[in-house]
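# What the coordinates show
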Amino acid sequence: INARMDGAQNRAGSSSDMRGRMQNIKEAIRQHAGLVKERFALALRQFEKLMARVESRIEKLKAAGVATASVEADLEAAKTANAEAKTDVQAVADFIVSVDETADRATVRTELQARIKEAQTSIRTAHQALQKVVKALIALTKESKPNVDASASVEAEATVETTNQ
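Residues numbered from 1 in each chain as written. Predicted model: local features only at pLDDT ≥ 70, side-chain atom pairs only at ≥ 80, totals over all residues. Heavy atoms only, no water.

For the α-helix, the turn length of 3.6 residues means that residues three or four positions removed from each other point alike. The end-to-end C-alpha distance of helix H3 (residues 105–144), which contains 40 residues, comes to 58 Å, matching closely the 58 Å that a straight helix rising 1.5 Å per residue would cover. Taken as a whole, H3 has its buried residues at Val 108, Leu 112, Ile 116, Ala 119, Ser 122, Ile 123, Ala 126, Ala 129, Leu 130, Val 133, Leu 137 and Leu 140. (Helix = DSSP H or I, 4+ residues; strand = E, 2+ residues; numbered from the N terminus. Expected span 1.5 Å × (residues − 1). Buried < 20%, exposed > 50% of the residue type's maximum accessible area, 1.4 Å probe, protein only.)

Right under this line is the structure:
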């Protein structure tokens, strides 16, 4: 009889241990994924700030009479990629919240990894699109500025011509 009671107590203890481990797993997933989500959110905020600066530069160039249509098209593509990245990051956040104690650890881990990888890919795509915009803006800015070297060389040639005479 004592052996039965010990066995029942062990089973009761092991089920409470299992619940504790499940809650620990859930908490560990939320903590890890929360850190990942924070990194993603930081990247997206930086993209937003950079896009605002790019828009400001485009407006300045437009006011100076420079044709900015190609850079604006690239910026719209970057905004679309950024919106997709936001959606994927939100999907990670929503998944973290939806994890419950009854979920299988391996399944949760696999799904979380897939969602994180998808968010990473979309953030990388948004970053590349933003890099393309910045490079196009730099090229456009260089084209719109007068060539200082050409005027300096003309002056140097004029100086040379006057000394030769």
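Next comes the rest of the write-up.
A word on the pattern of salt bridges. If you walk through the whole model with that rule in mind, you get six salt bridges. A salt bridge links Glu 55 to Lys 79; the shortest N-O distance between them is 2.3 Å. Of the two residues, Glu 55 is situated in helix H1 (residues 2–63) and Lys 79 in helix H2 (residues 69–98); the sequence distance between them amounts to 24 residues. Glu 55 gets classed as partly exposed once you look at its relative accessible area, which sits at 30%. (Salt bridge = Lys/Arg side-chain N within 4 Å of Asp/Glu carboxyl O.)

Any two packed helices are characterised by the angle at which their axes cross and by the distance between the axes. As a packed pair, H2 and H3 sit with axes 8 Å apart at the nearest point and diverge in direction by 160°. Our classification of the angle between H2 and H3 gives roughly antiparallel. As for how H2 packs across H3, the hand of that crossing is left-handed. Split into classes, the residues belonging to the contact of H2 with H3 amount to 22 nonpolar, three polar and seven charged. (Axes fitted to C-alpha atoms, helices over the stretch in contact; angles between N-to-C directions. Parallel < 35°, antiparallel > 145°, perpendicular 65-115°, else oblique. Left-handed = near helix turned anticlockwise from the far one by under 90°. Nonpolar A, V, L, I, M, F, W, Y, C, P; charged D, E, K, R; others polar.)

To continue, consider the nonpolar core. Formed by 33 residues in total, the largest nonpolar core has its most connected members in Phe 40, Phe 47, Leu 112 and Ile 123. At the level of elements, H1, H2 and H3 are the ones that each hand at least two residues to this core. Non-local contacts of Phe 40, meaning those with residues more than four positions away in its chain, are made with Val 89, Ile 116, Ala 119, Gln 120 and Ile 123. (Core = buried A, V, L, I, M, F, W, Y, C linked by side-chain atoms within 4.5 Å. Contact = heavy atoms within 4.5 Å.)

Looking at where Asn 82 falls in the secondary structure, it is placed in helix H2. Ignoring any residue separated from it by four or fewer positions in sequence, one finds Asn 82 in contact with Leu 44, Phe 47, Glu 48, Met 51 and Ala 126.

The next subject is the confidence of the model for the chain. The predicted model of the chain has a mean per-residue pLDDT of 79, with 72% of residues at 70 or higher. Confidence scores differ between elements of the chain, with helix H4 (residues 148–164) showing the lowest mean pLDDT of 41 and H2 the highest of 93. Considering only residues more than four positions removed or in separate chains, one finds that residues 147–165, a stretch of pLDDT under 50, has zero contacts. (pLDDT = per-residue confidence, 0-100.)

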